[in-house]
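An overview of the molecular structure
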Amino acid sequence: MAKLCLVPTPIGNLEDITLRSLRILKEADLIFAEDTRVTKKLLNHFEISQHVLPFHAHNEHKTLGSTIDKIKSCTLTVLVSDAGTPGISDPGFLLARECVKEGIDVECLPGPTALIPALVASGFPCDRFCFEGFLPHKKGRQTKLMALEQEERTIVLYESPHRLVKCLAQIVEFMGAERKVCVVRELSKMFEEYKRGTAQEVQDYYEKHPPKGEIVVIIEGKNGKN
Ligand code: SAM
């Protein structure tokens, strides 16, 4: 019986990979990767020499059929993205859905992802939350922000460093200057940073200290309750 296993990979510190992930990577007949060069570096580090083929966002639709055929011809196929959990703001969903449709076993190992540690360390309620990934850059961004203004659960966003100040300014504009936020930068890396405060305070901080690296923005839900 063919199986697809989605394997999370480190988002910073290589020690974050699990023992089980390493075993499954070693046992895989075939590994599909978002960027084969990134994955080969990781595999080399752990002395894993499995065969790696590309499976990335711009060929996801086009290559779905041939990818499914390859998965069917193997016992265990692994899908990894460059970092974190496949399918979470990364390729993976389409393949998982297609495998389910085709009756192929689908499993995702527990492991690194940016949203959960950022959410939990923010100090905001994490019993219920809503993950929005990256907000649309242009069309639909304002509509989404207006809808999120009403959201009572803690909100989790992914954001790029060069758009962070704009994002914080929009949180001030749409949700008010006093809405509490926590910006989590470079999780699991040497310069990991948590900046907590009102949206206005955190915006002012990053205007003075332009951020680098990878960023998760956590926004307290409306009325500070969950
Ligand atoms: N699949 C990944 C996951 O499970 O988190 C997400 C991939 S998405 C293309 C990349 C975005 O995730 C970054 O722009 C950032 O918003 C967030 N991210 C990834 N690694 C991070 C880290 N070490 N610290 C903070 N945010 C991170």
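Read on for a plain summary of the structure. (Residues numbered from 1 in each chain as written. Predicted model: local features only at pLDDT ≥ 70, side-chain atom pairs only at ≥ 80, totals over all residues. Heavy atoms only, no water.)

Of all hydrophobic cores here, the largest spans 21 residues; its most connected members are Leu157, Leu168, Ile171, Met175, Val183, Val217 and Ile219. Contributions of two or more residues to this core are made by α6 (141-149), β7 (154-159), α7 (164-175), β8 (180-185), α8 (199-208) and β10 (215-219). It is α7 that provides the largest number of residues to this core, a total of seven residues. Once residues lying within four places of it in the same chain are set aside, the contact partners of Leu157 are Glu132, Gly133, Leu135, Leu148, Cys167, Ile215, Val216, Val217 and Ile219. (Core = buried A, V, L, I, M, F, W, Y, C linked by side-chain atoms within 4.5 Å. Buried < 20%, exposed > 50% of the residue type's maximum accessible area, 1.4 Å probe, protein only. Helix = DSSP H or I, 4+ residues; strand = E, 2+ residues; numbered from the N terminus. Contact = heavy atoms within 4.5 Å.)

Turning next to the sheet that holds strand β5 (residues 105-108). The strand order across the open sheet built from five strands is β3-β2-β4-β1-β5, with neighbouring strands paired in parallel fashion. Edge positions in the sheet fall to β3 (52-54) and β5, since each has one partner strand and no second. If you compare each strand with its neighbour and ignore which way they point, the axes differ by 25° on average. As paired elements, strand β1 (residues 3-6) and strand β4 (residues 76-80) share four bridges and run parallel to each other. Considered in β4, the bridge of Leu6 is made with Leu79. (Pairing = 2+ DSSP bridges. Axes fitted to C-alpha atoms, helices over the stretch in contact; angles between N-to-C directions.)

We now examine the site of the ligand. Around the ligand, a shell composed of 18 residues is seen, among which Ile88, Asp90, Thr113, Tyr158 and Ile215 lie nearest. Ala114 is positioned such that a nitrogen or oxygen atom in its backbone is 2.9 Å from an oxygen atom of the ligand. The side chain of Glu214 places a nitrogen or oxygen atom 3.3 Å from a nitrogen atom of the ligand. Relative to its free-state accessible area of 570 Å², the ligand is covered by the protein chains to the extent of 90%. By residue class, the composition of the shell around the ligand is nine nonpolar, four polar and five charged. Built from parts of two domains, the shell around the ligand gets at least three residues from each of domain 1 (3-108) and domain 2 (115-224). (Near = heavy atom within 4 Å. Polar contact = N/O pair within 3.5 Å; in protein donor to acceptor, adjacent residues only side chain to side chain. Areas by Shrake-Rupley, 256 points an atom, 1.4 Å probe, with all protein chains shown as cover. Nonpolar A, V, L, I, M, F, W, Y, C, P; charged D, E, K, R; others polar. Domains from an automatic or database assignment.)

Every buried residue of helix α5 (residues 115-122) is accounted for by Leu115, Ala118, Leu119 and Ser122. Burial along α5 is one-sided: seen end-on, the buried residues are contained in an arc of 95°. In the core, the buried residues of α5 are packed alongside β6 (129-134), β7, β8, β9 (193-198) and β10. After α5 finishes, the residue Gly123 shows a positive phi value of roughly 85°. (Arc of directions from axis to C-beta.)

A word on the pattern of salt bridges. What the rule picks out here adds up to 14 salt bridges. Between Lys101 and Glu98 there is a salt bridge; the shortest N-O distance is 3.7 Å. Placement of the pair is Lys101 and Glu98 together in helix α4 (residues 93-101), with a separation of three residues, close to one helical turn. With relative accessibility at 60%, the residue Lys101 sits in the exposed group. Residues Glu193 and Arg185 are paired through a salt bridge, measuring 2.9 Å at the closest nitrogen-oxygen approach. With relative accessibility at 16%, the residue Glu193 sits in the buried group. (Salt bridge = Lys/Arg side-chain N within 4 Å of Asp/Glu carboxyl O.)

Take helix α3 (residues 64-72) next. Among all positions of α3, only Leu64, Thr67, Ile68 and Ile71 are buried. What you see down the axis of α3 is that its buried residues fit within an arc of 100°, all on one side. Where α3 is buried, its residues meet β1, β2 (30-33), β4 and α4.

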